[in-house]
Amino acid sequence: MIEVEQLRKEYGDLTAVDGVSFTARPGEIFGLLGPNGAGKTTTIGCISGLLAPTSGRVRVMGHDVVREGMAARQALGVVPQEIALYEELSAVENLKYWGGAQGLRNPLLGERIQKVLELTGLGDRAREPVKRFSGGMKRRLNFACGIVHQPQVLLLDEPTVGVDPQSRMRLLELVRAEAQAGTCVLYTTHYMEEAETLCDRLAIVDHGKVIAAGTLAELRSMLEQRDLLRLSGVFQPAAARAAVAPIDHIEVVQAEENLLVLSLVDASRKLPAIFAALEAAGSEVRGTTLTQPSLESLFIKLTGKELRE
Amino acid sequence: MRFLWICVVKDLRRWRRDPFTLAIWLAIPLVLAVLMNVVFGGGGNPAPQGVLLIADEDNTFASKVVAGVFHRDPLDKMLALERVQRGEGRRRIDRGEASAFLIIPAGFAQAVNRGAAFRLQLFTNPSQSILPKLIEDTVSITLDMFGTRRAVGPAIGLETTVIPEKKRGKSFAALFFPSMLCMAVWMIANALAGEIWKERALGALRRLAVMPVRMAAFLAGKLVSVALVFACVAGTGLVAVRWLGRVPVASLPAAILWLVLAGVAFYLLLLLVSMSASTPRGASMLGNLVMFPLALVGGCFFPFEIMPAWMASVGRLTPPGWAVTQFSAILDGSTHTPGLAAALGGLVATSAVAFLVTLVRLRRSFLI
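Residues numbered from 1 in each chain as written. Chains lettered and ligands numbered in written order. Predicted model: local features only at pLDDT ≥ 70, side-chain atom pairs only at ≥ 80, totals over all residues.

(A) Local environment of the interface of chain B and chain A. Every contact between the two is made by 19 residues of chain B and, on the other side, 23 residues of chain A. Of all the secondary structure elements, the ones that give two or more residues to the side of chain B that touches chain A are helix H1 (2-16) and helix H9 (204-209) of chain B. (Contact = placed C-beta atoms within 7 Å. Helix = DSSP H or I, 4+ residues; strand = E, 2+ residues; numbered from the N terminus.)

The structure is reproduced here in structure tokens:
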């Protein structure tokens, strides 16, 4: 578990993190979402004990990272943004080094190395120097080095930057597997779609502050974002309008003989009611397209500006 | 302790995977040994040109006539004449830095004019056979000329002293080798110190900082790794020079130990310098800025024996200068056990202080 309370980090006049608070639970993927420079890496730095907070409190598995740094670090696994690997060494040698640094000893170390090499699909290239690896393979090995000791808390700082789609999918699967195994995962990214598909709960940060937090549905709801439901089929426009009107917070955007477009909050839960009302009104629904508002659009609406790369 | 060894294994593996650099490190002393063997014929033969030191305390026309003989062809091609004070000349001939040292005491001209008895002093270097004899004969013949003019009265003579054998001069190979090997260690230390920036750029240091390990163990691991590299370099160089260059090595273990400890101290010093910079390029420039002048003044490029006296005095106070001086003494066996122990203790103490300062720097600012 990670508990962050009123975390603040200043560099002279610059406040990189400004009163950030959140809790990430075991088995959960908690996302820190925000543009570059929002304070995500600084937050991770404070949680991992790399940076000393100016004020506030951070606990990892109940251990204060400042007062009980060593105990907190023993529970942590960190996958940094940079590929922190020794390129002259092989995958196995890197894993031995980083696993050894985490206190693993043989035979457990050997077993874990085999396991993570299998998980990351690097088993057949395990003895090759890392400098011969592709970018995606290095990213996977970077991840493997962070989980080789089976940490209770895993911090992932933009682990998919510059990764090809195939390797990205693989990495995201690995992250899900870690969470399913009971690890508390803190995942920072500026890729909105990644956060949407991966994270159980999210905190959107900008300029060092949490500007919104919750599940994806809560965030959407909190921000009053509306889904767009496009129904194709056979409709009587006036009857269709009248049929859906009683449903809460619904707005008919477009009503034609073969197309009905509705704007509403939490559309997926209201689909049965909509279908029932339309059927009762003599309409025939042949196709459905539900477009949910993306986090990117939420971020833009929330901050009034576009996502900065 | 376990993590220390993990770090040692990691560094040694990394260097083994870079065989070109490793070969260069080992080649430096080997190349020096081969060059010395080729240039100086393996026997450490004396140089073809000698040095005559003259302390002309009379400074008269007569004394200049004596000294002026050596400016004439062919002697001027065989001997380099240096005017020195009596004390400096004595020190240098004792160290074997010249073929001979001639003292013309005050009153020489008066004695010549009066026909009084007078003795010039000549100290000769026993390690050279031809040039000291040539000098002695030349001075004697010149003095005979003065004596011939004065038909009567006591002769003007020359008192020749051969300095004790234990203070005999070194061959050029023996003179240059300590400097060259210390230069090799100094350069390797600079190259190894710069590696910390590679680890920093990789993010490996930051990753390590969030793990349950002590940075002191990491730094100590680095010292053990570089000590092993220096042991290989020193061992290779010393054995090669002993066999190929026939340079005397009084105590091989002591010489290796000294070079290893000096190398570790150099490494720590240059590591601290490297970490004081703000960029890798700045670190490289700063390292070279520190390394080359200190190597030059500190007797790593040229032995102190052929430096101007003032530069040698300053150079001996620098870290490489101190290391070269002690190393030379270990090689020629002129250092005694208590002196060697004190020097080693000083080196270890200096390294310990440098270790602590480097560790603080590493933890507080360099990691992030």
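(B) Spotlight on the domain arrangement of chain B. Each assigned domain of chain B is listed here: domain 1 (2-41 + 170-366) and domain 2 (50-162). Between domain 1 of chain B and domain 2 of chain B, the C-alpha centre-to-centre distance is 44 Å. (Domains from an automatic or database assignment.)

(C) Examining the confidence of the model for chain B more closely. All names here are of chain B. For chain B, the average pLDDT comes to 83, and 89% of its residues sit at 70 or higher. By mean pLDDT, helix H2 (residues 19-40) is the weakest element of chain B at 70, and helix H11 (residues 252-276) is the strongest at 93. Of the regions scoring below 50 in pLDDT, residues 42-48 engages in 18 contacts with residues more than four places distant in sequence or in other chains. Across the interfaces of the predicted complex, the ipTM metric reaches 0.77, alongside a pTM of 0.71. (pLDDT = per-residue confidence, 0-100.)

(D) The arrangement of the sheet that holds strand E2 (residues 79-83) of chain B in detail. Residues and elements named next belong to chain B. A sheet is described by the order of its strands in space; here 5 strands give the open sequence E2-E1-E3-E4-E5, paired in mixed fashion. This sheet does not close on itself; its edge strands, each paired only once, are E2 and strand E5 (156-162). On average, adjacent strands in this sheet sit at an angle of 20° to one another, irrespective of strand direction. In this sheet, strand E3 (residues 100-104) lies alongside strand E1 (residues 50-56) in parallel orientation, the contact comprising 5 bridges. Across the sheet, Leu53 pairs through a bridge with Phe101, a residue of E3. Lying on the sheet, helix H3 (residues 61-68) is in contact with E1, E2 and E3; it crosses E1 at an angle near 175°. Of the strands in this sheet, E1, E3 and strand E4 (118-124) are in contact with helix H5 (residues 86-94), which crosses E1 at around 155°. (Pairing = 2+ DSSP bridges. Axes fitted to C-alpha atoms, helices over the stretch in contact; angles between N-to-C directions.)

(E) Expanded view of the sheet that holds strand E4 (residues 55-60) of chain A. Residues and elements named next belong to chain A. If you walk across this open sheet you meet the 4 strands as E2-E1-E4-E5, and the pairing is antiparallel. Each edge of the open sheet carries a strand with a single partner, namely strand E2 (14-24) and strand E5 (63-64). Two strands pair when backbone bridges link them, and strand E1 (residues 2-11) and E4 are joined in this way by 5 bridges, in the antiparallel orientation. Across the sheet, the residue bridging to Ile2 is Val60, located in E4. Helix H1 (residues 40-48) contacts E1, E2 and E4 of the sheet and is inclined by roughly 115° relative to E1.

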